[in-house]
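Tertiary structure, described
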Amino acid sequence: MRSRRSVSVVAVMLVIAGALATSGCFSPQLDPSKFFVLAPAGAAAANSIAPAGLSPSSSPTIGLGPIKLPEYLDRDEVVTRVGPNRLELSDKDRWAEPLNDNFRQVIAQDLTQSLGTHSIVLYPWVGTTRIDYQVRIDVYRFETDPNANAQLVAHWQVLDGSGKLLYAGDSNLSEQAQPGEPVAAALSRTVERLAQQMASAIQSLPRRRQPGQV
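Computed from a predicted structure; not experimentally measured.

For strand β8 (residues 149–160), the buried fraction is high: 9 of the 12 residues fall into the buried class. In terms of strand pairing, strand β7 (residues 133–144) meets β8 through 11 bridges, oriented antiparallel. When the sheet's bridge partners are listed, V139 is paired in β8 with A154. Between β7 and β8, which pair antiparallel and follow one another directly, the connecting turn spans 4 residues, one of which, A148, has a positive phi of 65 degrees. In textbook terms, the turn of a hairpin is the stretch between consecutive antiparallel strands, and for β8 and strand β9 (residues 165–176) this stretch comprises 4 residues, one of which, G163, has a positive phi near 95 degrees.

Here is the structure:
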């Protein structure tokens, strides 16, 4: 009788141990997530982005925004386009902060470098702010493909301080990520090139200063 009871107890213990092992109690899973950010082309001065209402300087004051990114990018996961009508969300690659905020800060710093101005005012600014030019950006695509090719497609406008359209441009930019390089680096280079195109357009325009309006 004791022998049968011992066998039964051992069997029950083996079943419990198997269940615990299957549930992962003996092999905890590590979080595979990796976090990325966009980065500006170069180190910008700490005061490169001016608060609204800053006294005008000798360099042009740029009102940056509104900037609109596609709704499908409003998420933590890095998005990859695998077909004309299909997107995939990474199961491990994450943005370390909201992409809208990261994009806005990086393109502001890239514009600072390209224009040599220390007066970038981010939208929305107060009605009394005086600006030379306003830059609006509508981003249609900002993603990579399965081959780690980054693409940025955007329509942008340069307006004067009163809201009059001075210049409109369309950009279709691509950058290939190098072996071992995160796709965030290639995406950052497309943002840099967009800033360079906008800076070139601004530099071709006559200097204007009027009360800033949206």
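At a minimum axis distance of 8 Å, the contact between helix α2 (residues 99–115) and helix α3 (residues 183–203) shows a crossing angle of 50 degrees. With respect to their mutual orientation, α2 and α3 come out oblique. Seen from above, α2 lies across α3 with right-handed handedness. Each of F103, V106, I107, D110, L111, S114 and L115 in α2 lies in contact with α3, whose residues at this interface are V191, E192, L194, A195, Q196, M198, A199, I202 and Q203. Grouping the constituent residues of the contact of α2 with α3 by class yields 11 nonpolar, 3 polar and 2 charged.

Attention now moves to the pattern of salt bridges. Here the structure, examined in full by the defined rule, presents 7 salt bridges. With its nearest N and O atoms 3.8 Å apart, the salt bridge here joins D101 to R104. Highlighted residues: D101 and R104, both in helix α2, separated by 3 residues, approximately one helical turn. In this structure, the salt-bridge partner of E175 is R193, at a minimum N-O distance of 3.2 Å. Residue E175 is located in strand β9, and its partner R193 is located in helix α3; the two are separated by 18 residues in the primary sequence.

How each quantity is defined
- Residues numbered from 1 in each chain as written.
- Predicted model: local features only at pLDDT ≥ 70, side-chain atom pairs only at ≥ 80, totals over all residues.
- Heavy atoms only, no water.
- Buried < 20%, exposed > 50% of the residue type's maximum accessible area, 1.4 Å probe, protein only.
- Helix = DSSP H or I, 4+ residues; strand = E, 2+ residues; numbered from the N terminus.
- Pairing = 2+ DSSP bridges.
- Axes fitted to C-alpha atoms, helices over the stretch in contact; angles between N-to-C directions.
- Parallel < 35°, antiparallel > 145°, perpendicular 65-115°, else oblique.
- Left-handed = near helix turned anticlockwise from the far one by under 90°.
- Contact = heavy atoms within 4.5 Å.
- Nonpolar A, V, L, I, M, F, W, Y, C, P; charged D, E, K, R; others polar.
- Salt bridge = Lys/Arg side-chain N within 4 Å of Asp/Glu carboxyl O.

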